[in-house]
Amino acid sequence: MAATQRSWLQRIQNGQITVDGRVVNDPNIILSAGSELVYHRLPWKEPDVPYLLEVLYEDDDLIALNKPSGLQVLPGGLFQQRTVLNQLQWRASKQSSSLSSQASHPVPVHRLGRGTSGILLCAKTKLAKTCIAGYFADKTSVIDADSTVMELSQRKILKIYRALVPGIVDEDKVIIKQPIGIVRYPGVAKGLYVASPSGKPALSKVDVLERDVQRNCTLVQVEIQSGRPHQIRIHLAFLGHPLLGDPLYVAGGQPKSFDFEFADGTFAQDGGYERPVNPVPGDCGYYLHAYQLFLSHPTTNEVIKITAPLPSVLKTREEGREVDKSVGSERIRGIQIDSLP
């Protein structure tokens with residue numbers, strides 16, 4: 001029996017379905033024309049997540065946030081309210097009620113995994129959203145098997161990440177051109193992105209910043225020139241150095257297991273949300289931070305540099321010894337967005 005069927009059977013058994021105002025316990029009941037069927041969803045309780053969002057940059061067109069690890073960007077799965085998008089909408093509604101009815105409604109314009117921290121760029125106008133979406137599309141469209149690393153002057157947008165990987169990466173610089181495709185995977189309706197020869201082209205540039213022989217790990221900086229989902233996690237795993245703490249990807253850019261097993265179907269009382277036994281992409285625990293972003297402003301064409309403060313674990317020894325003055329000097333505004341009521 002399919003998971004969806006089991007979910008609705010459980011809801012019927014829970015007494016959550018009524019027909020014409022009466023609770024239905026028989027899944028085989030035949031509905032009459034004009035009958036009213038109502039599904040009574042149980043109160044939804046979402047897992048706790050970090051909710052503080054620091055504003056790194058803001059003007060009339062854009063807002064750049066410092067997203068904490070563990071906070072999901074868009075609603076989905078277990079997270080419907082405790083997301084970046086909901087906080088942005090709540091913030092915009094507060095501003096519109098206190099300032100004017102023409103307040104903007106910012107929306108994220110690129111992906112950032114739930115376990116990834118750092119810069120999340122959001123557009124406040126339709127023009128900015130269309131323009132930045134075009135930047136990302138142009139950047140990805142030029143990637144092919146023969147691509148070379150493009151300089152900033154050749155692009156409209158550039159993202160740089162910090163990551164920590166187990167083991168010692170021997171080469172100082174590595175260019176990864178492994179294509180990324182989709183495979184069926186339990187708990188991921190649209191499929192899981194993995195390293196695949198038949199996938200879409202992807203290119204990442206990896207620079208070693210520091211090798212820690214004693215702890216057997218390497219601090220790297222990664223520049224991506226395409227925007228495939230989970231690209232850095234997959235490419236570093238393909239290199240043989242999956243992110244330290246990554247619960248999903250292993251060496252080769254594949255998941256730890258493809259077994260189609262699910263945990264107890266009563267994991268969620270309402271409809272039997274079946275938590276897969278194996279990890280899913282939204283699971284956290286790895287060390288990846290969107291550190292810097294350069295872009296050509298969508299209306300002024302001015303090149304803007306945005307920097308998100310580094311977690312201590314992703315700093316070099318020298319950075320750890322000194323106060324990072326550059327972050328403060330380039331940050332236009334640093335405030336806290338309140339939590340949702």
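In the nomenclature of an unreviewed UniProt entry, the protein corresponds to RNA pseudouridine synthase 5 from the organism Citrus sinensis.

**Observations regarding the pattern of salt bridges**
What the rule picks out here adds up to 10 salt bridges. A salt bridge links K173 to D207, with the shortest nitrogen-to-oxygen separation between them at 2.6 Å. Taken together, the residues span a long stretch of sequence, with K173 in strand β9 (residues 173–176) and D207 in strand β12 (residues 204–212) at a distance of 34 residues. Relative accessible area serves as the criterion here: at 57%, K173 is assigned to the exposed category. Its relative accessible area of 14% is what places D207 among the buried residues. Linking D212 and R317 is a salt bridge whose minimum nitrogen-to-oxygen distance equals 4.0 Å. Of the two residues, D212 sits in strand β12 while R317 sits in helix α5 (residues 317–321), which places them 105 residues apart along the sequence. Residue classification places R317 among the partly exposed residues on the basis of a relative accessible area of 43%. Through salt bridges that share partners, E210, D212, R215 and R317 make up one connected network.

**Topic: the packing of aromatic side chains**
Counted according to the given criterion, the structure contains 1 aromatic pair. Taken together, a centroid distance of 5.0 Å and an interplanar angle of 75° make the contact between W8 and Y39 edge-to-face. Of the two residues, W8 is situated in helix α1 (residues 3–13) and Y39 in strand β3 (residues 37–39); the sequence distance between them amounts to 31 residues. Look at W8 and you get partly exposed, because its relative accessible area is 38%. Overall, the relative accessible area of 29% leaves Y39 in the partly exposed class. One residue, R11, lies across the ring of W8, its end atom 4.3 Å from the ring centre. It is R162 that lies over the ring of Y291; its NZ or CZ is 4.9 Å from the centre.

Reading guide: rules and limits
Residues numbered from 1 in each chain as written. Predicted model: local features only at pLDDT ≥ 70, side-chain atom pairs only at ≥ 80, totals over all residues. Heavy atoms only, no water. Salt bridge = Lys/Arg side-chain N within 4 Å of Asp/Glu carboxyl O. Helix = DSSP H or I, 4+ residues; strand = E, 2+ residues; numbered from the N terminus. Buried < 20%, exposed > 50% of the residue type's maximum accessible area, 1.4 Å probe, protein only. Phe/Tyr/Trp six-rings, centres within 6.5 Å; stacked < 30°, edge-to-face > 60°. Lys NZ or Arg CZ within 6 Å of the ring centre and 35° of its normal.

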